[in-house]
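Structural features, examined
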Amino acid sequence: MNNMKKLLINALVLLLLPVCLFAQETGKRLDDIRIRDPFILVDDASGTYYMYASLTESGVKGVKVYKSHDLSWWQGPEPVLIIPSDFWAHEMVWAPEVHKYKGRYYLFVTLTADRKLKQINGRPEIVNRASQVFVSDSPEGPFEPFANKPHTPHDWMSLDATLWVEDGQPFMIFCHEWIQATDGTMEVVKLKKDLSATVGKPKTIFSARQASWVRSLGSVGALYNGQAYEGYVTDGPFLFRTSAGKLMMIWSSFGEEQYAVGLVESLSGKIEGPWKMIPEPLFKANGGHGMIFRTFEGKLMMVLHQPNQSPLERAKLFELEDIGGSLIMKN
């Protein structure tokens with residue numbers, strides 16, 4: 001009987017080996033994928049990790065997704081959103097992220113149109129950049145808009161919207177870009193229960209310069225379109241509640257070592273704050289725009305892109321430790 005079991009096991013291994021080799025041959029390692037602003041959705045129902053990225057190929061603009069079961073080998077990408085040629089924005093697609101909410105999947109993404117806003121002397125060109133929410137019944141799309149217009153204010157340069165649900169109320173957190181505001185801000189606004197539109201006006205919850213570690217782009221040699229500006233960046237918000245009930249947000253700006261991930265705590269435990277800056281960045285080695293997720297094995301992970309220079313950007317994974325009162329990088 002033992003010999004029979006061994007024969008069956010060996011036969012099963014031989015059957016599965018070509019499948020495993022094919023998966024490796026047709027997949028990509030994480031280090032082989034160029035990506036900015038990576039976002040990983042953990043889908044328990046399918047046992048799949050979905051990583052979303054901007055799609056700009058052969059004149060097509062939209063969002064694509066890679067799939068993995070182990071965070072090492074990734075299949076795809078496949079398109080999940082194609083921006084129609086007659087849509088309000090068709091220039092740039094940035095920072096896609098997908099959230100499961102009430103049984104459906106919602107894509108938050110930043111789009112840029114070719115419409116120019118009021119120019120301010122000494123600033124980069126101010127264009128129509130905004131965040132919008134799309135919806136699908138599947139993490140693999142296709143994602144559809146609620147309307148042919150963005151969710152963020154029409155006369156703002158806005159980007160990097162994310163979702164937070166508190167006491168049953170959905171909120172959108174997004175950035176008012178430094179190009180227009182100089183000192184970039186983090187904003188919060190209520191969403192309708194189906195996420196189809198905002199309710200009321202945005203509220204500023206903090207600005208970049210409130211963090212002691214933040215430096216202006218020009219002072220650290222970070223150029224925008226080849227020029228140095230006195231701008232203070234807010235990028236990439238993502239919220240997380242610790243095991244002790246603390247509401248934390250990771251976000252990105254520029255510090256002494258270029259692009260970095262900061263940490264801020266809501267003293268009230270609510271989205272509207274007030275927010276207290278943690279003096280030192282969580283990650284400061286020229287990488288940022290991170291998000292946090294738990295693996296199927298329960299590990300707490302942060303993914304971000306590093307370095308920040310194109311075309312070298314890659315998704316990097318770091319294990320975090322939830323110590324109740326805060327988050328720290330795990331050694």
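Details of the structure are given in the entry above.
Let me sum up the structure you'll find in this document. (Residues numbered from 1 in each chain as written. Predicted model: local features only at pLDDT ≥ 70, side-chain atom pairs only at ≥ 80, totals over all residues. Heavy atoms only, no water.)

Per the stated rule, a full pass over the model turns up one cavity of 30 Å³ or more. Here the largest cavity is characterised by a volume of approximately 50 Å³. Considering the residues around the largest cavity, the lining is formed by Asp 37, Pro 38, Phe 39, Ala 95, Pro 96, Glu 97, Pro 237, Phe 238, His 289, Gly 290 and Met 291. For the lining of the largest cavity, the secondary structure elements donating two or more residues are strand E6 (92–101), strand E14 (235–241) and strand E18 (288–294). Grouping the constituent residues of the lining of the largest cavity by class yields seven nonpolar, two polar and two charged. (1 Å grid on protein atoms, 1.4 Å probe; cavity = no way out; pocket = protein on both sides within 12 Å on 5 of 7 lines; lining within 4 Å. Points joined across faces, edges and corners; volume = space filled by probe spheres on them. Helix = DSSP H or I, 4+ residues; strand = E, 2+ residues; numbered from the N terminus. Nonpolar A, V, L, I, M, F, W, Y, C, P; charged D, E, K, R; others polar.)

Looking now at the pairing of strand E19 (residues 300–306). Where burial is concerned, most of E19 is hidden: seven out of the seven residues are buried. Of the two faces of E19, the one lined by Leu 300, Met 302, Leu 304 and Gln 306 and the one lined by Met 301, Val 303 and His 305 are each fully buried. Inspection of the sheet shows E18 paired to E19 by five bridges, in the antiparallel sense. Its bridge partner being in E19, Ile 292 is matched across the sheet by Met 302. Connecting E18 to the antiparallel partner E19 that follows it, the hairpin turn spans five residues, and Gly 298 within it adopts a positive phi of roughly 95°. As paired elements, E19 and strand E20 (residues 314–322) share six bridges and run antiparallel to each other. The residue bridging Val 303 from the neighbouring strand is Leu 317, located in E20. (Buried < 20%, exposed > 50% of the residue type's maximum accessible area, 1.4 Å probe, protein only. Pairing = 2+ DSSP bridges.)

Here the focus is the side chain of Ser 158. Inspection of the secondary structure assignment puts Ser 158 in strand E10 (residues 158–166). Given the relative accessible area of 0%, Ser 158 is considered buried.

Here the focus is the environment of Phe 87. With respect to the helices, strands and loops of the structure, Phe 87 is situated in the loop between strand E5 (73–82) and E6. Residues Phe 87 and Ala 113 lie 26 residues apart in sequence; the distance between their C-alpha atoms is 9.1 Å. Not counting chain neighbours up to four residues away, the residues in contact with Phe 87 comprise Leu 111, Gln 132, Phe 134, Pro 145, Ala 147 and Asn 148. (Contact = heavy atoms within 4.5 Å.)

Moving on, we get to the side chain of Glu 265. Structurally, the position occupied by Glu 265 is in strand E16 (residues 258–266). Apart from the residues lying within four places of it in its own chain, the contact partners of Glu 265 are Lys 246, Leu 247, Met 248, Pro 274, Trp 275 and Lys 276.

So, on to the pairing of strand E13 (residues 198–207). Here strand E12 (residues 185–191) runs beside E13; their pairing, made up of six bridges, is antiparallel. Following the sheet pairing, Val 188 is matched in E13 by Lys 203. Counted along the chain from E12 to the antiparallel partner E13, the turn is six residues long, and its residue Leu 195 has a positive phi close to 65°.

Scanning the entire structure with this criterion turns up 14 aromatic pairs. Look at Phe 254 and Tyr 259: their rings are 5.1 Å apart centre to centre, the planes differ by 45°, and that puts the pair in the tilted class. One exposure class covers both Phe 254 and Tyr 259, and it is buried. An aromatic cluster is built from Tyr 49, Phe 293 and Phe 296, whose rings are joined through pairwise contacts. Above the plane of the ring of Tyr 232 lies Arg 209, whose end atom (NZ or CZ) is 4.5 Å from the centre. (Phe/Tyr/Trp six-rings, centres within 6.5 Å; stacked < 30°, edge-to-face > 60°. Lys NZ or Arg CZ within 6 Å of the ring centre and 35° of its normal.)

Everything listed is a geometric property; what it means functionally is a separate question.
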